[in-house]
Protein chains: 2
Amino acid sequence: MRTSSPTADPKGEPLESTLEARAELFQDAMGFSGISDREILKLAAMATLRRFTKGQMIFEQDQPCDYFHLVASGLVKVYICSASGFRMTYLLARRGEPLNLVGPFTGDPRFLCAEAMQATDVAHIPRHGFVRFVADNPILFSNIMAILSKAVDSANSRLIDMVEKRVEERLLRVLLTLLDKFGSEIRLTSAELAELAGTTVETTLRTMARLRSLGIIESERGQITIIRPASLKNPERLPLWV
Amino acid sequence: MRTSSPTADPKGEPLESTLEARAELFQDAMGFSGISDREILKLAAMATLRRFTKGQMIFEQDQPCDYFHLVASGLVKVYICSASGFRMTYLLARRGEPLNLVGPFTGDPRFLCAEAMQATDVAHIPRHGFVRFVADNPILFSNIMAILSKAVDSANSRLIDMVEKRVEERLLRVLLTLLDKFGSEIRLTSAELAELAGTTVETTLRTMARLRSLGIIESERGQITIIRPASLKNPERLPLWV
DNA sequence: GCTTTTGTATGACCGTGGTCATAGAGGCTA
DNA sequence: TAGCCTCTATGACCACGGTCATACAAAAGC
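Model, not experiment: these values are computed from the prediction.

Student: Lay out helix α5 (residues 139-164) of chain B in plain terms, naming residues and giving numbers.
Tutor: For α5 of chain B, spanning 26 residues, the distance from its first C-alpha to its last is 38 Å, which sits close to the expected 38 Å at 1.5 Å a residue. Buried residues dominate α5 of chain B, accounting for 20 of its 26 residues.

Student: Quick rundown of the sheet that holds strand β3 (residues 57-59) of chain A? Include the residues and the values.
Tutor: Residues and elements named next belong to chain A. Taken together, the 4 strands give an open sheet; going across it, the order is β3-β7-β5-β6, and neighbouring strands pair in antiparallel fashion. In this open sheet, the two edge strands, each paired with only one partner strand, are β3 and β6 (87-93). Direction aside, neighbouring strands of the sheet carry axes that sit 30 degrees apart on average.

Student: So what about the protein's contact with DNA strand D? Which residues, and what values?
Tutor: The full set close to DNA strand D counts 17 residues, and Arg166, Val167, Thr199 and Thr203 of chain A together with Arg221 of chain B are the nearest of them. Sugar plus phosphate: this is where 62% of the atoms of DNA strand D within 4 Å of the protein reside. Contact between DNA strand D and threonine 200 of chain A: a phosphate oxygen at 3.3 Å from a side-chain N or O atom of the residue. In this structure, a phosphate oxygen belonging to DNA strand D sits 2.9 Å away from a side-chain N or O atom of arginine 212 of chain B. For the surface near DNA strand D, the class distribution of residues is 3 nonpolar, 6 polar and 8 charged.

Student: Break down the relation of the copies chain B and chain A for me, with residues and values.
Tutor: Rotating chain B by 180 degrees and moving it 0.0 Å along the rotation axis overlays it on chain A with an RMSD of 0.0 Å. Read as a symmetry element, the transformation amounts to a two-fold axis.

Student: A description of the interface of chain B and chain A should follow, citing residues and the corresponding values.
Tutor: Contact residues are listed per partner, giving 33 residues for chain B and 32 residues for chain A. For the pairing of chain B and chain A, the buried interface totals around 3,300 Å² over both sides, and the portion due to carbon and sulfur atoms is 79%. For the pair chain B and chain A, the number of links is 2 salt bridges. Among the salt bridges present, the one from arginine 110 of chain A reaches aspartate 153 of chain B, with a minimum N-O distance of 2.8 Å. At the junction of chain B with chain A, the criterion picks out 6 residue pairs in polar contact (both at pLDDT 80 or more). Elements supplying a minimum of two residues to the side of chain B that touches chain A: β5 (76-81), β6 (87-93), α3 (103-106) and α5 of chain B. Of the residues forming the side of chain B that touches chain A, the biggest block, 17 residues, is contributed by α5 of chain B. Counted by class, the side of chain B that touches chain A contains 21 nonpolar, 7 polar and 5 charged residues.

Reading guide: rules and limits
Residues numbered from 1 in each chain as written. Chains lettered and ligands numbered in written order. Predicted model: local features only at pLDDT ≥ 70, side-chain atom pairs only at ≥ 80, totals over all residues. Heavy atoms only, no water. Helix = DSSP H or I, 4+ residues; strand = E, 2+ residues; numbered from the N terminus. Expected span 1.5 Å × (residues − 1). Buried < 20%, exposed > 50% of the residue type's maximum accessible area, 1.4 Å probe, protein only. Pairing = 2+ DSSP bridges. Axes fitted to C-alpha atoms, helices over the stretch in contact; angles between N-to-C directions. Near = heavy atom within 4 Å. Polar contact = N/O pair within 3.5 Å; in protein donor to acceptor, adjacent residues only side chain to side chain. Nonpolar A, V, L, I, M, F, W, Y, C, P; charged D, E, K, R; others polar. Least-squares fit on C-alpha atoms with pLDDT ≥ 70 in both. Contact = heavy atoms within 4.5 Å. Buried area = accessible area lost by both parts, 1.4 Å probe. Salt bridge = Lys/Arg side-chain N within 4 Å of Asp/Glu carboxyl O.

So this is what it looks like as structure tokens:
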């Protein structure tokens, strides 16, 4: 039934898991609220878990999309990569967050790459099964649309930021977003922050030095601590989606 | 039945139209392929046409989304507007193109504004009716997802362009896109081009002067003619989505 | 133990492009 | 015809931030 398109085998190590554990994962996954337990079990039955090590790719750009991916544990960055190697991270996903909501519907290759930032487990559902499931549970459509609308808005909002905001402002917005999502202890390197803010490592380090001298943050290798969260919460500054 | 939320009356002048004319519009509208004629008639029955003059707003940001909009004639730009007044156009829609595919599903206010660039007619469908129609015609979901996936990819791709491409390259990409969509005669001003490329009018004018001296384009007031289309078709350079 | 790699830190340089200014040409209305 | 607005055009200025360089500390590998 499958065409002989250049599909890629899923990466990562297969992982044993119980149906209940998978069901529990989908139960409170982003975008899956309002689905009955019985339906959730169908999803869980289709899913398989795979384990990825730090730095391992979960999917790469220009590959057809054969699976829907949902993070079960760990942390994943989803980014786009330009021809010249420039990266822009636009999603940091942890347990319960999907990596590719759109891809499974078309199956077409996209620009996106996903990479594990830590040891990470990811649930895979074959795309056709996923699409059929969504068709059977129309509530999912509204959920997915709501998420996509945020994603599109966020991307467009960042576009404007790139034009009219300087690096410091963009970095503050990234920090605010991370504060909302991960709390005041942010375990990211300057390189990772740079990819989120759309700038270089050097400029990020310089800007961080300024923020440190202002007493807004403290930092050590691989970790940033936000000392004065209030100073990030400028009413002009909304958190990004991610 | 309607809540007393701060809904805005639709703008523009009501326009008489026949059911057949509206059906014909939806027939070949973007994203509506694969719908039976009988179903199309239902859509057409829900729709009303409104006329807008050049410069008139079709919807504005932070307004709840009460209608699905489809362009029947003319040209509309959909853009986001920053607090400081900076604009970034991300869609030029003409006959058959929807203005807000996502909004009707959530109804929430978004960042977007839509403005008529010429005398323009737009079909309005109340959002609840539209959502119900989509639920009854699941093919629409895949169509919409396919369009959204392009929109998200395009936004992300432009994000990368903003970081690593200089203005000339971005402008060339915009010109290539416009060439594909409108042909070699592009009836836009430098200000409109600037909003598409994410730069200022002055820089656009300077860059256009350079392209003119290279013999790539010719231009007069309100119009750009691409003389050497081949020179835009660098294999590195993909057209944007719109 | 050593070496290598990764992350942080900072200086020097300078190009792109934003801002402000001025000016003229084309089009519209009164 | 005058007056006004829009669009085009171009010069002068300079700051933000990218690039390249060096240095050092911490972690990781062998």
